[in-house]
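Structural characterization, general
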There are 2 protein chains.
Amino acid sequence: MINVNENYLKLRGSYLFSEIAKRVNAYSAANPDKKIIRLGIGDVTQPLSPSVIKALHAAVDEMADASTFRGYAPDLGYEFLRNAIAKNDYVDRGCDISPDEIFVSDGAKCDCGNIQEIFGSDAKVAVCDPVYPVYVDTNVMAGRAGDFDEALGLWNRIIYMPCTKDNGFAPALPAEVPDLIYLCFPNNPTGATITKAQLQEWVDYANKNGSVILYDAAYEAYISEEDVPHSIYECEGAKECAIELRSFSKNAGFTGLRLGFTVIPKELKRGGTALHGLWARRHGTKYNGAPYIVQRAGEAVYSESGKAETKEQIAYYMKNAKTILDGLKAAGYEVSGGVNAPYIWLKTPEGLNSWEFFDELLTKANVVGTPGVGFGPSGEGYFRLTAFGQHEATAEALERIKNL
Amino acid sequence: MINVNENYLKLRGSYLFSEIAKRVNAYSAANPDKKIIRLGIGDVTQPLSPSVIKALHAAVDEMADASTFRGYAPDLGYEFLRNAIAKNDYVDRGCDISPDEIFVSDGAKCDCGNIQEIFGSDAKVAVCDPVYPVYVDTNVMAGRAGDFDEALGLWNRIIYMPCTKDNGFAPALPAEVPDLIYLCFPNNPTGATITKAQLQEWVDYANKNGSVILYDAAYEAYISEEDVPHSIYECEGAKECAIELRSFSKNAGFTGLRLGFTVIPKELKRGGTALHGLWARRHGTKYNGAPYIVQRAGEAVYSESGKAETKEQIAYYMKNAKTILDGLKAAGYEVSGGVNAPYIWLKTPEGLNSWEFFDELLTKANVVGTPGVGFGPSGEGYFRLTAFGQHEATAEALERIKNL
């Protein structure tokens, strides 16, 4: 009789957003007349931009003609897209990344979830607390997390790096040296950033200790302030210790189109093995490329018109971020984030924990957000709102919150 | 210092098709005037059908408008597609599969590669020999394959089930009971099929022993004869022991569009755990859905016009299969497959092994095929040609082969 993967059985309940959906659906079913405003999950609401739509239609037409039809894509992604990424996201920012260090994929979530697989099962993993659940869950599935400590709400083989008000939601270098360090800046869920000097400390720490940093930069397009790094490769020595994960979901609204990429510099080796080759092997064996038409859509994001439209979309969402920040402050909440990121992190009112505040907001204001504790124990007493709604709905949600 | 996944280091050379590409590129570079005809990799050449193109354009337009824009897809796939699959591929064939037992994905290769992850790392795996390399490689990566025996050309923890001329390229039930059994019919690479009665034996064997069958039915649309099962769920008891993997790549030409699905019946449990729930967890944690526009394209395959067009495409390729079969027979080759599958399996001429024949065909006829040994040691002395080329090119390739 075959055994199932017993690590899967250790996983905690259901995925955070499934639990939220369940509560919202139950409330909706009982109160069909209530108009619910969703500022919970990080899904975009603006349509794809004209340049992207144009590129999609053109690529679809190519697929209709035998002479321009495209079958299997190259393993790493089409060159036209990898060239555009290398130039715009790296070379133009002074980062020496070449197209063949870029692996095109169907999204940063998949890459975040799969990348751990190229490392040993004994790797010690460090994550921020609070943290995007995928980092931890995929390491639980791989057997690296140990056992869950019910009292602490933590896995006993994971190194947690608390991100709290006291450290400005930027973690300190851990005392116990991890093998694998997940960092995400601008951060999901707190919306916090770190400076280039702070990130350089992480790179130096990783290089000194032989750790590998998995740098999730899915939200870099939202950076509005100087001295906030857009890529970890802006730091010296990062090519020897860091993998960067990027997404088209939040900058260009590709959540329903699926496109992302991972950068693994060829210099990055551990135990004499180039990680680039390991990921290439995984990519080639377990994955079959992002759709041609979607890769053409990605290319269009880097056209002159595409860039202008993307900027506009981001400005649209960041106007929401300001509405939320200003509204919450006016209502007396303690808030952070929302300046270089589409996420606003707020302290729940005295006497209410994260899920209690979730229920209060859902039932009294009919607004859906995300309980901070869903991202880890240090998120308890916090709550995440996202700027991805529509202007009118976001403004109305804030009015309702002010009137609570 | 972090360790890499040492199982990856055990992997053999590069992926079969990379090696083929390398040899073909080297030959092309040295002989730029030669017109090479590719009947090697299983990629389609016919454009997407009008119904699919129409559905893609319509869905792209929906993505351009905020009121019809779609972000993240539901974890299991859109209901419109799962309903169409359940009805057309299962219920209409008398198989009791419901939409919520279907998981939409970006292709059968990814599913084939990832599905092993829900099982224990000690699972004993059985594969046909020859076999689609992804089944074995992904189990090597997971540490289930043991060590590679250079002399035998086999992994010492994998149970190989030889498919030879003597058994009609259909494997016998293995003496040592496996935990996980990969079966693919119509078969890649041999093009062989098994009857419903034969498949029922496998189902009974799995149920008796607690094994799980991973049934790859990517080529079911090519079945032309009676008594060849289109789905394993045509067999009694299959819902208690079998997972089925399906693809839109070969029936509707989606190799560059990426769409597939996996069926896990809710009854299928091992050690008291429903495999459906495990795969749902993996899907929800490490994957983020196939693009909305591609799922709409998949839906169009099941429309009346889509079905007719798909049938025409398959007829187009099967005309090639006949050209290849007839041509090879006329040239005195021993051949099989090509009747219920787009693959033709031929015995290499006396004195030439698979790779020698590959080189001979490449350099003397400028035709690319796939060496049988690349699929496993029992494939030595065999060679695969595919029916996915264009009519004219396929006919010309056969003329060249006849004149060898």
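Everything quoted here is computed from the prediction, not taken from an experiment.

Overview of the packing of helix H4 (residues 79-90) of chain B against helix H9 (residues 292-301) of chain B
Residues and elements named next belong to chain B. At a minimum axis distance of 9 Å, the contact between H4 and H9 shows a crossing angle of 30°. By the angle between their directions, the pair H4 and H9 is classed as roughly parallel. Note on packing geometry: the crossing formed by H4 with H9 is left-handed. The segment H4 lies against H9, with Phe80, Leu81 and Ala84 engaging Gln295, Gly298 and Glu299.

What to know about the sheet that holds strand S14 (residues 343-347) of chain A
Residues and elements named next belong to chain A. The antiparallel open sheet is built from 4 strands, whose spatial order is S13-S14-S17-S16. The open sheet has two free edges, formed respectively by strand S13 (335-337) and strand S16 (370-371), since each of these has just one partner strand. Set on the sheet, helix H10 (residues 304-330) makes contact with S13, S14 and strand S17 (382-386); between it and S14 the angle comes to about 10°.

Observations regarding the relation of the copies chain A and chain B
Mapping chain A onto chain B calls for a rotation angle of 180° and an axial translation of 0.0 Å; the resulting RMSD is 0.0 Å. Such a combination of rotation and displacement between the chain copies is what one expects of a two-fold axis. Residue His57(A), judged by its C-alpha, is the member of chain A lying nearest the rotation axis, at 3.1 Å. In this assembly, 100% of the residues forming the interface of chain A have copies in chain B that are likewise at the interface, indicating an isologous arrangement.

Describing the pairing of strand S10 (residues 260-263) of chain A
Residues and elements named next belong to chain A. By the alternation rule, side chains of S10 split into Gly260 and Thr262 and Phe261 and Val263, which are all buried. Note: strand S2 (residues 102-105) against S10, 4 bridges, orientation antiparallel. Bridging from a neighbouring strand, Ser105 pairs with Gly260 of S10. Here strand S9 (residues 242-247) runs beside S10; their pairing, made up of 4 bridges, is antiparallel. Paired with Arg246 across the two strands is Phe261, which belongs to S10.

Re the interface of chain A and chain B
Listed by partner, the interface residues are 67 residues for chain A and 67 residues for chain B. For the side of chain A that touches chain B, the elements supplying multiple residues, two or more each, are helix H1 (6-10), helix H3 (50-63), helix H5 (108-114), helix H6 (133-141), helix H8 (275-286) and helix H9 (292-301) of chain A. For the side of chain A that touches chain B, the per-class residue count stands at 32 nonpolar, 21 polar and 14 charged.

Some details on the domain arrangement of chain A
Residues and elements named next belong to chain A. Each domain of chain A was delimited in the assignment, giving domain 1 (7-47 + 305-402) and domain 2 (53-303). For domain 1 and domain 2, the distance between their C-alpha centres works out to 24 Å. Every contact between the two is made by 36 residues of domain 1 and, on the other side, 41 residues of domain 2. Counting only elements with at least two residues in the side of domain 1 that touches domain 2, the list comes to H1, H10, S13 and S14. Looking at the side of domain 1 that touches domain 2 residue by residue, the class counts come to 15 nonpolar, 16 polar and 5 charged.

Things to note about the nonpolar core
Counting 256 residues, the largest nonpolar core has Val127(A), Ile213(A), Val127(B) and Ile213(B) as the members making the most contacts within it. Residues contacting Ile213(B), with those up to four places away along its chain left out, are Ile181(B), Leu183(B), Trp202(B), Ala206(B), Ile232(B), Cys241(B) and Ala242(B).

Quick look at the packing of H3(A) against H9(A)
Residue and element names in this part refer to chain A. Closest axis-to-axis distance for the H3/H9 pair is 8 Å, and the angle between their directions is 145°. Crossing of H3 over H9 shows right-handed handedness. Counted together, Ser51, Val52, Lys54, Ala55, Leu56, Ala59, Val60 and Met63 of H3 and Tyr292, Ile293, Arg296, Ala297, Glu299, Ala300 and Val301 of H9 form the full contact between these two elements. Its residues assigned to classes, the contact of H3 with H9 shows 11 nonpolar, 1 polar and 3 charged.

What about the environment of Thr45(A)?
For Thr45(A), the location among the structural elements is in the loop between strand S1 (37-38) and H3. Among residues more than four places away in sequence, those in contact with Thr45(A) are Phe388(A), Gly389(A), Gln390(A) and Ala66(B).

Considerations on the sheet that holds strand S16 (residues 370-371) of chain B
All names here are of chain B. Spatially, 4 strands are ordered S13-S14-S17-S16 in an open sheet, and the strand pairing comes out antiparallel. Of all strands in the sheet, those bounded by a partner on one side alone are strand S13 (335-337) and S16. Sheet topology note: the S16/strand S17 (residues 382-386) ladder contains 2 bridges and is antiparallel. Considered in S17, the bridge of Thr370 is made with Arg384. Lying on the sheet, helix H10 (residues 304-330) is in contact with S13, strand S14 (343-347) and S17; it crosses S14 at an angle near 10°.

So, how was this worked out
Along every chain, residues carry numbers that run from 1 in the direction the sequence is written. Chains carry letters from A onward and ligands carry numbers from 1 onward, assigned in written order. For this predicted model, a pLDDT threshold of at least 70 governs which residues receive local features, and a threshold of 80 or more governs which side-chain atom pairs are given and counted, while totals over whole chains, interfaces and linings are taken from all residues. To get an axis, fit a line to the C-alpha atoms, keeping to the stretch in contact for a helix; angles then go from 0 to 180 degrees between the N-to-C directions. To qualify as a helix, a DSSP run of H or I must reach at least 4 residues; to qualify as a strand, a run of E must reach at least 2; elements of each kind are numbered from the N terminus. Note on terminology: angles under 35 degrees are roughly parallel, angles over 145 are roughly antiparallel, angles of 65 to 115 are roughly perpendicular, and the others are oblique. Each crossing is labelled by how the near helix is turned from the far one, with a counterclockwise turn of less than a right angle marking it left-handed and a clockwise turn marking it right-handed. C-beta atoms are placed from the backbone for every residue, and two residues are taken to be in contact when these atoms lie within 7 Å. Paired strands, in this sense, are two strands between which DSSP finds at least two bridges. Here the copies are matched by least squares. The fit uses the C-alpha atoms of residues with pLDDT of at least 70 in both. Whether a residue is buried, exposed or partly exposed follows from its count of other C-beta atoms within 10 Å of its own C-beta, namely 20 or more, 12 or fewer, or something in between, respectively; the C-beta atoms are built from the backbone. Here the nonpolar group is Ala, Val, Leu, Ile, Met, Phe, Trp, Tyr, Cys and Pro; Asp, Glu, Lys and Arg are the charged ones; every other residue, Gly included, is treated as polar. Domain segmentation is taken from an automatic or database assignment of domains. What we call a nonpolar core is a set of buried Ala, Val, Leu, Ile, Met, Phe, Trp, Tyr and Cys residues whose membership is set by joining through C-beta atoms within 7 Å.

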